[in-house]
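What follows is the residue order along each chain.
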Amino acid sequence: MIHRNLTIALIAAGIYLGGAFALKAAEHAGAISHATTIRAYAVFTGLALAVYGNFLPKSIGRLRSPVADMRMQSVLRVSGWAFMLGGIGYALTSLFTLSSAIPIALLASATAYVLGYSVWAFMECSSSKQERRPT
Amino acid sequence: MNAVFKALSDPTRRHVLELLRDRPMTAGELSDHFPVSKPTMSAHFAVLREADLVDVRKSGKAVIYRLKLSVLEDALLGFVGAFSAVAGSAGSAKTAVSQLPEESTP
């Protein structure tokens, strides 16, 4: 399983770096402008994040306590949806807007939502653990 | 992907996935929700496992099922559920209309 995950991660990294080099090479050759390179790279990044978000809920890992498992499942699900929608939004807004502030704000909101939800789930999990502890 | 479509095509299997959305459950807890035999439920679980839509872990004597849906599979489950609900209500409306007495034309 670790071997498979490592292989997928290395292939993804290869595609990512290869794409970046190809864009830079095309810019050096004069085929595309610098602005197009930046925009294409942003679209590429957004789509990569969307793919990562899509598979995130599948990484549920080992078995924990029932409450922790329930919270973990909901955190992964919310994170997956937020990163996927954030990634697609980042790619689309990078493609169609001139300002980089909108895509970054979109991605920052998705990340903040995931962080907030994760902290809330962690707190809920800890409080339910304390409630179950005998006094 | 074929295995995913096959798994989602059955209403019992879709209901199992919807139950697992709330929390992980044991095989017994899941079976209690359906008026079918244990071998039938085991067959449904096997299809879900083959499609990699659920994760199965043993905890003592209990077999615990956990949801393992990607975002697209989750969306597909919602879409298929909504579509079958709409198709079901349209079908029952059609049946109700066909059972109405024919209007006499003047």
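Heads up: the structure comes first, above all this text.
These numbers come from a predicted model, not from an experiment.

Moving on: the overall build of chain B. A count of helices and strands for chain B gives five helices and three strands. The helix and strand sequence of chain B, counted from the amino end, reads α-α-β-α-α-β-β-α. On C-alpha atoms alone, chain B measures out to a radius of gyration of 18 Å, which is more than a quarter above the 13 Å that the 2.2 N^0.38 rule sets for 106 residues. In terms of principal-axis extent, the alpha carbons of chain B reach across some 75 × 30 × 25 Å. Here chain B holds 106 residues, and 22% of them are scored as buried. Here the contacts in chain B between residues at least 6 apart in sequence split such that 61% fall between residues at least 24 apart.

This brings us to the overall build of chain A. For chain A, the count of helices and strands is four helices and zero strands. Counting helices and strands in the order they occur from the N terminus, chain A gives α-α-α-α. Taken against the 2.2 N^0.38 rule, which gives 14 Å for 135 residues, the C-alpha radius of gyration of chain A at 19 Å runs more than 25% over that of a compact globule. When the backbone C-alpha atoms are referred to their principal axes, chain A occupies close to 70 × 35 × 15 Å. Out of the 135 residues in chain A, the part that is buried amounts to 22%.

Our next topic: the sheet that holds strand S3 (residues 62–67) of chain B. All names here are of chain B. Strand order in this open sheet of three strands is S1-S3-S2, and the pairing throughout is antiparallel. Both edges of this open sheet fall to strand S1 (25–26) and strand S2 (54–59), since each of them pairs with a single strand only. Where S1 meets S3, two bridges bridge the pair, whose relative direction is antiparallel. From the neighbouring strand, Met-25 faces S3, where its bridge partner is Tyr-65.

What follows is about the nonpolar core. Counting residues in hydrophobic clusters, the biggest one holds 16 residues, and the most contacted among them are A:Ala82, A:Phe83, A:Tyr90 and A:Ala110. Those elements giving two or more residues to this core turn out to be helix H3 (66–96) and helix H4 (101–132) of chain A. With 15 residues, the next largest nonpolar core counts B:Leu48, B:Leu53, B:Tyr65 and B:Leu67 among its residues.

For the rest of this paragraph, the subject is the interface of chain B and chain A. Each side of the interface is counted separately: chain B has 13 residues, and chain A has 14 residues. If you list the elements that add at least two residues to the side of chain B that touches chain A, you get S2, S3 and helix H5 (71–99) of chain B. Tallied by class, residues from the side of chain B that touches chain A come to six nonpolar, two polar and five charged.

Looking now at the pairing of S2(B). Residue and element names in this part refer to chain B. Sheet topology places S2 next to S3; six bridges connect them, and they run antiparallel. The residue bridging Ser-59 from the neighbouring strand is Ala-62, located in S3. In sequence, S2 turns back onto S3 through a hairpin of two residues, with Gly-60 there showing a positive phi of about 65°.

This part takes up the environment of A:Leu63. Residues and elements named next belong to chain A. Summarising the element assignment, Leu-63 is placed in the loop between helix H2 (34–55) and H3. By the C-beta count within 10 Å, which is 15 here, Leu-63 ends up partly exposed. Sequence spacing of Leu-63 and Thr-7 is 56 residues, and the spatial spacing of their C-alpha atoms is 24 Å.

On to unusual backbone geometry. In most cases, non-glycine residues show a negative phi, while peptide bonds are predominantly trans. Backbone geometry at B:Asp52 places phi at a positive 60°, although glycine is not the residue there. One can find B:Asp52 in the loop between helix H4 (38–50) and S2.

Time to look at the packing of helix H1 (residues 2–28) of chain A against H2(A). The geometry of a pair of packed helices is captured by two quantities: the angle between their axes and the separation between those axes. Residues and elements named next belong to chain A. Viewed as axis vectors pointing N to C, H1 and H2 meet at an angle of 165°, and their least axial separation amounts to 9 Å. In terms of orientation, H1 and H2 fall into the roughly antiparallel class. Seen along the crossing, H1 lies across H2 with a hand that is right-handed. Contacts between H1 and H2 pair Tyr-16, Gly-19, Ala-20, Leu-23, Lys-24 and Glu-27 from the former with His-34, Thr-37, Ala-40, Tyr-41, Phe-44 and Ala-48 from the latter. Residue composition of the contact of H1 with H2, by class: seven nonpolar, three polar and two charged.

What counts and how
Residues numbered from 1 in each chain as written. Chains lettered and ligands numbered in written order. Predicted model: local features only at pLDDT ≥ 70, side-chain atom pairs only at ≥ 80, totals over all residues. Helix = DSSP H or I, 4+ residues; strand = E, 2+ residues; numbered from the N terminus. Rg over C-alpha atoms; globule rule 2.2 N^0.38 Å. Buried ≥ 20, exposed ≤ 12 C-beta atoms within 10 Å, placed from the backbone. Contact = placed C-beta atoms within 7 Å. Pairing = 2+ DSSP bridges. Core = buried A, V, L, I, M, F, W, Y, C linked by C-beta atoms within 7 Å. Nonpolar A, V, L, I, M, F, W, Y, C, P; charged D, E, K, R; others polar. Axes fitted to C-alpha atoms, helices over the stretch in contact; angles between N-to-C directions. Parallel < 35°, antiparallel > 145°, perpendicular 65-115°, else oblique. Left-handed = near helix turned anticlockwise from the far one by under 90°.

These results come straight from atomic positions and should not be treated as a statement about function.
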